[in-house]
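# Breakdown of the fold
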Amino acid sequence: NDRVISAIIQMMKPVVKRLVFAKGGRKEDVLFVIEETIVIIYTKTEMPVLSCTFKTFFIGIAKRVWFNEFRRRLRQPSHVEIGDVDFPVEDSNSEI
């Protein structure tokens, strides 16, 4: 239901924003983390019996999503050194 998803996004946005911004993320990363978390909950879990609130459950998954993305970005080189010249590596998400 679109209204339920919209309500989840609005409820979780401030918390996820703090989480993402704490590690140098951007505004676009907040929505990415929320969307990925919703997809994981929707596709990977079968009606879980929660021993915590939904918000705590969601944040736990969102932290893992952001940690994995943050770690992936750290492994990506930002510059390639060729001889004496240091060239920046283009971001695969940037437009030409």
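No experiment lies behind these values; they were computed from the predicted model shown. (Residues numbered from 1 in each chain as written. Predicted model: local features only at pLDDT ≥ 70, side-chain atom pairs only at ≥ 80, totals over all residues. Heavy atoms only, no water.)

Before going further, it helps to spend a moment on the pattern of salt bridges. Under the defined criterion, the tally for this structure stands at 5 salt bridges. Note that Asp 29 is salt-bridged to Arg 26, the shortest N-O span being 4.0 Å. In this structure, Arg 73 and Glu 69 form a salt bridge, with 2.9 Å as the shortest nitrogen-oxygen distance. Highlighted residues: Arg 73 and Glu 69, both in helix α3 (residues 54-75), separated by 4 residues, approximately one helical turn. Taking relative accessible area as the criterion, Arg 73 reaches 27% and is therefore assigned partly exposed. A relative accessible area of 11% places Glu 69 in the buried class. (Salt bridge = Lys/Arg side-chain N within 4 Å of Asp/Glu carboxyl O. Helix = DSSP H or I, 4+ residues; strand = E, 2+ residues; numbered from the N terminus. Buried < 20%, exposed > 50% of the residue type's maximum accessible area, 1.4 Å probe, protein only.)

A word on the confidence of the model for the chain. Looking at the chain, the pLDDT average stands at 82 and 76% of residues meet or exceed 70. Model confidence for the chain, summarised as mean pLDDT per element, is weakest for strand β2 (residues 85-88) at 57 and strongest for helix α1 (residues 2-22) at 92. (pLDDT = per-residue confidence, 0-100.)

This part is about the packing of α1 against helix α2 (residues 27-44). Viewed as axis vectors pointing N to C, α1 and α2 meet at an angle of 125 degrees, and their least axial separation amounts to 9 Å. Comparing the axis directions of α1 and α2 gives the class oblique. Helix-helix and strand crossings are classified by hand; for α1 and α2 the assignment is right-handed. Contact residues: Ile 5, Ile 8, Ile 9, Met 12, Lys 13, Val 16, Lys 17, Val 20 and Phe 21 in α1; Lys 27, Asp 29, Val 30, Val 33, Ile 34 and Ile 38 in α2. Residue composition of the contact of α1 with α2, by class: 11 nonpolar, no polar and 4 charged. (Axes fitted to C-alpha atoms, helices over the stretch in contact; angles between N-to-C directions. Parallel < 35°, antiparallel > 145°, perpendicular 65-115°, else oblique. Left-handed = near helix turned anticlockwise from the far one by under 90°. Contact = heavy atoms within 4.5 Å. Nonpolar A, V, L, I, M, F, W, Y, C, P; charged D, E, K, R; others polar.)

Turning next to the nonpolar core. Within the largest apolar cluster, 16 residues are counted, with the highest numbers of intra-cluster contacts made by Val 16, Val 20, Val 33, Ile 34, Ile 38 and Phe 58. Elements that contribute at least two residues to this core include exactly α1, α2 and α3. The dominant element in this core, judged by the number of residues it contributes, is α3, at 6 residues. Not counting chain neighbours up to four residues away, the residues in contact with Ile 34 comprise Ile 9, Met 12, Lys 13, Val 16 and Phe 58. (Core = buried A, V, L, I, M, F, W, Y, C linked by side-chain atoms within 4.5 Å.)

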